[in-house]
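# Structural overview for review
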Amino acid sequence: MKQTETNINEKPMPKNVQSHNARIKAFCDNYSLSPEEAKSAIDLMDKQLCYGYTDEIILRAERNGLQVSPQTVRFVKRGQTKNITIFNYLIDFATVIKESKVRVKGSIQKNMKK
C-alpha cells in the first residue's frame, strides 16, 4: 500500500474497557464519587481537556502556592494519582471550556437566523 492511500477497512480501536473500569474505580476510591459521577467526570475531562490543559492547571495551582508538574496533572486526569485540588482544577477548567463552547454555538446559531 502506498503512503498516500488509506486503509478503508481499518476499524477504530475499541475502548479498553478494563482500563476504563479501573479508572472509574480509581475516581470512586480517590474522590468518594459514585460510579455515575466518576463516569461523568471522566467524560467531561476527556471531551473538553484534550490538548494544552496542563499549562492552565499549573497556572491555577501556582496562583494558590502549589507546585505541580505537567505529568502529575495528566496522572490525576487518568486516575493514576490522587490529588483533590488538581482534580477540582481539572473539573472546573473542563466545565469552563464546555460552557464556552455552548455559548459560541448559541451565538453562531443566533447569527445564522438573522
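Details of the structure are given in the entry above.
Residues numbered from 1 in each chain as written. Predicted model: local features only at pLDDT ≥ 70, side-chain atom pairs only at ≥ 80, totals over all residues. Heavy atoms only, no water.

### Digging into the nonpolar core
- By size, the foremost hydrophobic cluster in this structure holds 25 residues, and its most contacted members are Ile-57, Val-73, Ile-86, Phe-87 and Leu-90.
- Broken down by secondary-structure element, the contributors of at least two residues to this core are helix H1 (17-31), helix H2 (35-48), helix H3 (53-63), helix H4 (70-78) and helix H5 (84-113).
- With seven residues, H5 is the single largest residue contributor to this core.
- Not counting the four nearest positions on each side in its chain, Ile-57 is found in contact with Val-73, Ile-86, Tyr-89, Leu-90 and Phe-93. (Core = buried A, V, L, I, M, F, W, Y, C linked by side-chain atoms within 4.5 Å. Buried < 20%, exposed > 50% of the residue type's maximum accessible area, 1.4 Å probe, protein only. Helix = DSSP H or I, 4+ residues; strand = E, 2+ residues; numbered from the N terminus. Contact = heavy atoms within 4.5 Å.)

### Here we look at the packing of H3 against H4
- Between H3 and H4, the shortest axis-to-axis distance is 9 Å and the interhelical angle comes to 105°. By the angle class used here, H3 and H4 are roughly perpendicular. Here Tyr-53, Thr-54, Ile-57 and Ile-58 of H3 lie close against H4, whose contacting residues are Pro-70, Val-73, Arg-74 and Lys-77.
- Each residue belonging to the contact of H3 with H4 can be placed in one class, and the counts come to five nonpolar, one polar and two charged. (Axes fitted to C-alpha atoms, helices over the stretch in contact; angles between N-to-C directions. Parallel < 35°, antiparallel > 145°, perpendicular 65-115°, else oblique. Nonpolar A, V, L, I, M, F, W, Y, C, P; charged D, E, K, R; others polar.)

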